Amino acid sequence: MKEKFVIFSEEPPVELQLSVEMRCREIEKNPDVDYLKRYCKSLVRNNAKRDAVFAATLKELAEAHVKLAEQEKSQIVHWWVLKRMIKDFFISIVLFFVIRLNKALLTVNNKINKKI
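Please read these numbers as outputs of a predicted model, since none were measured by experiment.

### Thoughts on the overall build of the protein chain
And step 1. Secondary structure summary: the protein chain contains 3 helices and 0 strands in total.
And step 2. Taking all 116 residues of the protein chain together, the buried fraction comes to 0%.
And step 3. With an accessible surface of roughly 11,500 Å², the protein chain has 65% of that area assigned to carbon and sulfur atoms.

The following block contains the structure:
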């Protein structure tokens, strides 16, 4: 499971890091407190929207994994299991006749040896 979400541990691209740094410096230089308050409020709202989208995406991903697992579980007999069952069936039939033939040949051999 750790390998599936490696993307979340990676650093953002350099271009994005530069853009964020430039925006941070622009905000630091801005003396207008009212503008900063409005900007902060919009960031909080934007983060809430992103969180909702991210949560919905993760929910859909989890549901897709559950559906996939249910489909795999519903396949009681996979093709390779069926193939193995057929192979084992024919082997058991062959062994049945080989054992019977072996007993018959032993009986015949014993009768021949007794006569000699």
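### A closer look at a nonpolar patch on the surface
And step 1. Judged by side-chain polarity, Leu82, Met85, Ile86, Phe89 and Phe90 come together as a nonpolar surface patch covering roughly 510 Å² of accessible area.
And step 2. Its place among the elements puts Ile86 in helix α3 (residues 79-115).

### As for the packing of aromatic side chains
And step 1. Within this structure, the stated rule accounts for 3 aromatic pairs.
And step 2. Aromatic pair Tyr35 and Tyr39: ring centres 6.1 Å apart, planes at 20°, arrangement stacked. Of the two residues, Tyr35 and Tyr39 both sit in helix α2 (residues 33-74), 4 residues apart, roughly one turn of that helix.
And step 3. Note on Phe96 and Phe97: the rings are 5.3 Å apart at their centroids and 75° apart in plane angle, and the pair reads as edge-to-face.

### Some words on the layout of surface pockets
And step 1. When its volume is computed, the largest pocket comes out at roughly 160 Å³.
And step 2. As for the largest pocket, its lining consists of Val20, Tyr39, Leu43, Asn46, Asn47 and Arg50.
And step 3. When residues of the lining of the largest pocket are assigned to their parent elements, the largest contribution, 5 residues, is made by α2.
And step 4. Tallied by class, the residues present in the lining of the largest pocket amount to 3 nonpolar, 2 polar and 1 charged.

Procedures and definitions
Residues numbered from 1 in each chain as written. Predicted model: local features only at pLDDT ≥ 70, side-chain atom pairs only at ≥ 80, totals over all residues. Heavy atoms only, no water. Helix = DSSP H or I, 4+ residues; strand = E, 2+ residues; numbered from the N terminus. Buried < 20%, exposed > 50% of the residue type's maximum accessible area, 1.4 Å probe, protein only. Areas by Shrake-Rupley, 256 points an atom, 1.4 Å probe, with all protein chains shown as cover. Patch = residues over 30% accessible without salt bridge, like charges linked within 9 Å, V, L, I, M, F, W, Y side chains within 5 Å. Salt bridge = Lys/Arg side-chain N within 4 Å of Asp/Glu carboxyl O. Phe/Tyr/Trp six-rings, centres within 6.5 Å; stacked < 30°, edge-to-face > 60°. 1 Å grid on protein atoms, 1.4 Å probe; cavity = no way out; pocket = protein on both sides within 12 Å on 5 of 7 lines; lining within 4 Å. Points joined across faces, edges and corners; volume = space filled by probe spheres on them. Nonpolar A, V, L, I, M, F, W, Y, C, P; charged D, E, K, R; others polar.

The quantities given are spatial measurements derived from coordinates; they are silent on function.
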